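Chain by chain, the residues:
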Amino acid sequence: MRQADIIGALISIFFGVFVITQALGLEYWWRFGPGPGFVPLWSGVLILSGGVLLFITSVRRPPDTMEPVNPEGRKRLITITVLTVLAAVAMNYLGFGTTMFLFMALLVGGVGRHRWYVTLGSALLVSVTFYLVFVKWLLVPLPKGVFGF
Amino acid sequence: MGILQDIVYHLGLGFSVALTPTNILFAAIGVTLGTIIGALPGIGSVTGVAVLLPLTFGMDPTTAIIMLAGIYYGVMYGGTISSVLINTPGDAATVISAIEGYPLAKAGRAGPTFALVALGSFVGGTFGVLMLSIAAPFLAKTALRLGPPEYFSLMILAMAALAGLAGSSPIKGIIMGGLGIVLSTVGVDIGHGVLRFTYGNVYMMNGIDFLPVAIGMFGMGEVLVQMQRLVTFELLKTKITFRSLLPTIQDWIRVRWAIVRGTLIGFVIGVLPGAGATIASFLSYATESKLSKHREEFGKGAIEGIVGPESANNAASAGAMVPMMTLGVPGSGTTAVLLGAFMMFGLQPGPLLFQNHPEFAWGVIASMYVGNMMLVVLNTIFIPTFVSILKVPQTILMPGILVLTIVGAYSLNNNMAEVWIMIIFGILGYFFKRYKWPMAPLILGLVLGPLAEVNFVRSLSMSQGDFGIFVARPISLALLAGGLVSIFYPLIKQILLRGREKLA
């Protein structure tokens, strides 16, 4: 946790400085009060000083260990994230229904390692239910894609 | 009109709205979904409200909020089920329930535990709503007299309290709050009429909406956390029949004051900014473990140690609606998301809500009485039904929720841009959760940021640029002092503890 906090603190410091430099490009004070740059500037200062404080307190803490991520878990995490991004890209081409069917099938069958009929069943159930609720009932114009659903 | 008549009149108005067939139906759907979400381990009230919010688009605003509020307080009931039966809390507010609940279930006493918890929750929830009905019009009337400096200070208090009390590290809370405010400044600056941080991007001109951020952090982020860990739950096999629900006379005697104390603690803590249902349940547990006549049974299945905290978290969830509805200032992540839902429907919470939309404000309040009654039935007779939902493996449930977050984010504006924002904050949310960066201050900063800025600018134009206006007005000063105390509270506590050690 200590190491993670130090990295988090450094990111905060970096981000705080970034916000401050960006906010300096906006007017700080107008004739009758704070300008558009006032709030962003001070939020940046808040983030920066928080980052500095966190850095100091974490560095002074004794080293510790965190519950490690098991390799299996890491693999699942990356697979799910990549699949989600791919699904968002594919939705415009394949359509919402088809994409979500494939997405569910890959997650349940591939990541969850369920039997083929459980995979197929849950993928069908989820994609059809969401299709009915969002497209038919709530009339959300979800991407149709080449197959028309 | 006298105060009592006033309340009776308004509640009458509220019930005439809440008791229409549509609103009864959606209150029932809300509390049922709430119970299910509560029962699912890892998925709590913030996630539930954020992920299911898109379902309410196109609904009548009153019906929509009745359903969303139902999800919120329904979670407080449902969370008990997984705490008792699988020793894993379904929501942060029911963490404490596993300590006494699981041993009770192992001893074959799950039935009476559920029955008494449902009763305590009902008393806590109903008392909370009753107090909300009494306090809301009062507070709303007082709040009408507050000016921009008071509002600004109030929002600072809310954010400071959440940053200081909600997470494990107040420093991280402050950084997250600052991050939320910065994100809220992206887009058109209403107060000044200029563009900020848009970098020529057309989408950024509309600003970063808090909803895809909330759905990402609390929905997708939570799914990632759960799927990475992927623990299998051992469901305790107990048969819950109607007869097994009946508590013994001794149980009744043991829990009656725990319910009363839990209810009072819960409501007060719920109203306070930053605290909320989780802290209320911990406080009630601490109280019961000190006052009980069966102290030796604590940790081994003392029924008052679960019924008290459960009454408290329900009273707190109703209490948390008080500042959110009357002042427009939420005190927790879930109420911040609810506030966002209000705004999405064009209803600005705050004192004017009760004046301009009384049928809405009172309709929602009245629906909470109805919903609590439904929840008692759901969480006693229908417990076996909810238990069967716990048998659905995480590896099927979590992908389903992921699909819901994608569809939900898309349907906010019928646009892929929101889906991308959702995914980015989903990935960030995973890291926030894993490395214990509290996300509620970020959401609160994002929701309250623009309002706080408008009131800040207005205050300073009132005083012609003099910052003294925030401390010269007594209410504003008191609110700011409260904010300072709550942010430094962990530090103050440490110093006091050290001082005591030195004395000893």
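Here the structure is a predicted model, which means the values were calculated and not measured.

This next bit is on the overall build of chain A. Along chain A, the regular secondary structure elements total 5 helices and 2 strands. Reading chain A from its N end, one meets helices and strands in the order α-β-β-α-α-α-α. The C-alpha radius of gyration of chain A comes to 24 Å, more than 25% above the 15 Å expected for a compact globule of 149 residues. Considered along the principal axes of its C-alpha atoms, chain A spans approximately 60 × 50 × 20 Å. A burial count over chain A gives 43% of its 149 residues as buried. Within chain A, counting contacts between residues at least 6 apart in sequence, those at least 24 apart form 59% of the total. On chain A, the mean spot of the 11 positive side-chain charges and the mean spot of the 5 negative ones are 11 Å from each other.

The next thing to look at is the environment of Phe282 of chain B. Residues and elements named next belong to chain B. Its location among the elements puts Phe282 in helix α12 (residues 277–291). You can call Phe282 partly exposed: its relative accessible area is 37%. Once the C-alpha coordinates of Phe282 and Ser97 are considered, the two residues, 185 residues apart in sequence, prove to be 9.4 Å apart.

Taken together, the contact between chain A and chain B spans 66 residues of the former and 56 residues of the latter. Each partner contributes to the roughly 5,100 Å² buried at the junction of chain A and chain B, and carbon and sulfur atoms together form 81% of this total. The tally of links between chain A and chain B comes to 1 salt bridge. Scanning the region where chain A abuts chain B turns up 8 residue pairs in polar contact (both at pLDDT 80 or more).

Inspection of every chain in the model, using the stated rule, returns 21 aromatic pairs over all chains. Ring geometry for Phe15 of chain A versus Phe18 of chain A: centroids 6.2 Å apart, planes at 35°, classification tilted. Taken together, the positions of Phe15 of chain A and Phe18 of chain A, both in helix α1 (residues 2–24) and 3 residues apart, correspond to about one turn of that helix. Ring centres of Phe152 of chain B and Phe456 of chain B lie 4.9 Å apart, and the angle between their planes is 40°; on these two criteria the pair is classed as tilted. Of the two residues, Phe152 of chain B sits in helix α7 (residues 148–165) while Phe456 of chain B sits in helix α21 (residues 440–462), which places them 304 residues apart along the sequence. Overall, Phe456 of chain B belongs to the buried group, its relative accessible area being 7%.

With that settled, the discussion passes to the layout of surface pockets. All names here are of chain B. Here the second largest pocket is characterised by a volume of approximately 1,300 Å³. Here the lining of the second largest pocket gets 9 residues from one element, more than from any other, and that element is helix α23 (residues 474–503). Taken together, the residues of the lining of the second largest pocket break down into 25 nonpolar, 11 polar and 2 charged.

Looking now at the domain arrangement of chain A. Each assigned domain of chain A is listed with its residue range as follows: domain 1 (2–59) and domain 2 (71–137). Computed over C-alpha atoms, the centres of domain 1 of chain A and domain 2 of chain A are 39 Å apart.

With that settled, the discussion passes to helix α19 (residues 394–413) of chain B. Residues and elements named next belong to chain B. The end-to-end C-alpha distance of α19 is 30 Å, a good match for the 28 Å that 20 residues give at a rise of 1.5 Å each. Counting buried positions over the 20 residues of α19 gives 19, a clear majority of the element. After α19 finishes, the residue Asn414 shows a positive phi value of roughly 50°.

This part is about the pattern of salt bridges. A side chain of one charge can pair with a side chain of the opposite charge if their charged atoms are brought near each other. Throughout the structure, instances matching the rule amount to 11 salt bridges over all chains. Salt-bridge contacts for Arg61 of chain A lead to Asp5 of chain A; the nearest nitrogen and oxygen are separated by 3.1 Å. Within this pair, whereas Arg61 of chain A is found in the loop between α2 (38–59) and α3 (71–94), its partner Asp5 of chain A is found in helix α1, the two being separated by 56 residues in sequence. Under the relative-accessibility criterion, Asp5 of chain A is labelled buried at 3%. When salt bridges that share partners are traced, they join Asp5 and Arg61 of chain A together with Lys172 of chain B into one network.

All names here are of chain B. Viewed as axis vectors pointing N to C, helix α6 (residues 110–143) and helix α11 (residues 249–271) meet at an angle of 35°, and their least axial separation amounts to 9 Å. Viewed along their axes, α6 and α11 form a crossing whose handedness is right-handed. Along the contact surface, α6 presents Pro112, Leu116, Leu119, Gly120, Val123, Gly124, Phe127, Gly128, Met131 and Leu132, while α11 presents Asp251, Trp252, Val255, Ile259, Thr263, Leu264 and Phe267.

Right, let's get into the side chain of Ser281 of chain B. Relative to the assigned elements, Ser281 of chain B resides in helix α12. With near-sequence residues (within four places) excluded, Ser281 of chain B lies in contact with Ala93, Ile96, Pro309, Ala312 and Asn313 of chain B.

Rules of the game
Residues numbered from 1 in each chain as written. Chains lettered and ligands numbered in written order. Predicted model: local features only at pLDDT ≥ 70, side-chain atom pairs only at ≥ 80, totals over all residues. Heavy atoms only, no water. Helix = DSSP H or I, 4+ residues; strand = E, 2+ residues; numbered from the N terminus. Rg over C-alpha atoms; globule rule 2.2 N^0.38 Å. Buried < 20%, exposed > 50% of the residue type's maximum accessible area, 1.4 Å probe, protein only. Contact = heavy atoms within 4.5 Å. Lys, Arg positive; Asp, Glu negative; His and termini not counted. Charge placed at Lys NZ, Arg CZ, Asp CG, Glu CD. Buried area = accessible area lost by both parts, 1.4 Å probe. Salt bridge = Lys/Arg side-chain N within 4 Å of Asp/Glu carboxyl O. Polar contact = N/O pair within 3.5 Å; in protein donor to acceptor, adjacent residues only side chain to side chain. Phe/Tyr/Trp six-rings, centres within 6.5 Å; stacked < 30°, edge-to-face > 60°. 1 Å grid on protein atoms, 1.4 Å probe; cavity = no way out; pocket = protein on both sides within 12 Å on 5 of 7 lines; lining within 4 Å. Points joined across faces, edges and corners; volume = space filled by probe spheres on them. Nonpolar A, V, L, I, M, F, W, Y, C, P; charged D, E, K, R; others polar. Domains from an automatic or database assignment. Expected span 1.5 Å × (residues − 1). Axes fitted to C-alpha atoms, helices over the stretch in contact; angles between N-to-C directions. Left-handed = near helix turned anticlockwise from the far one by under 90°.

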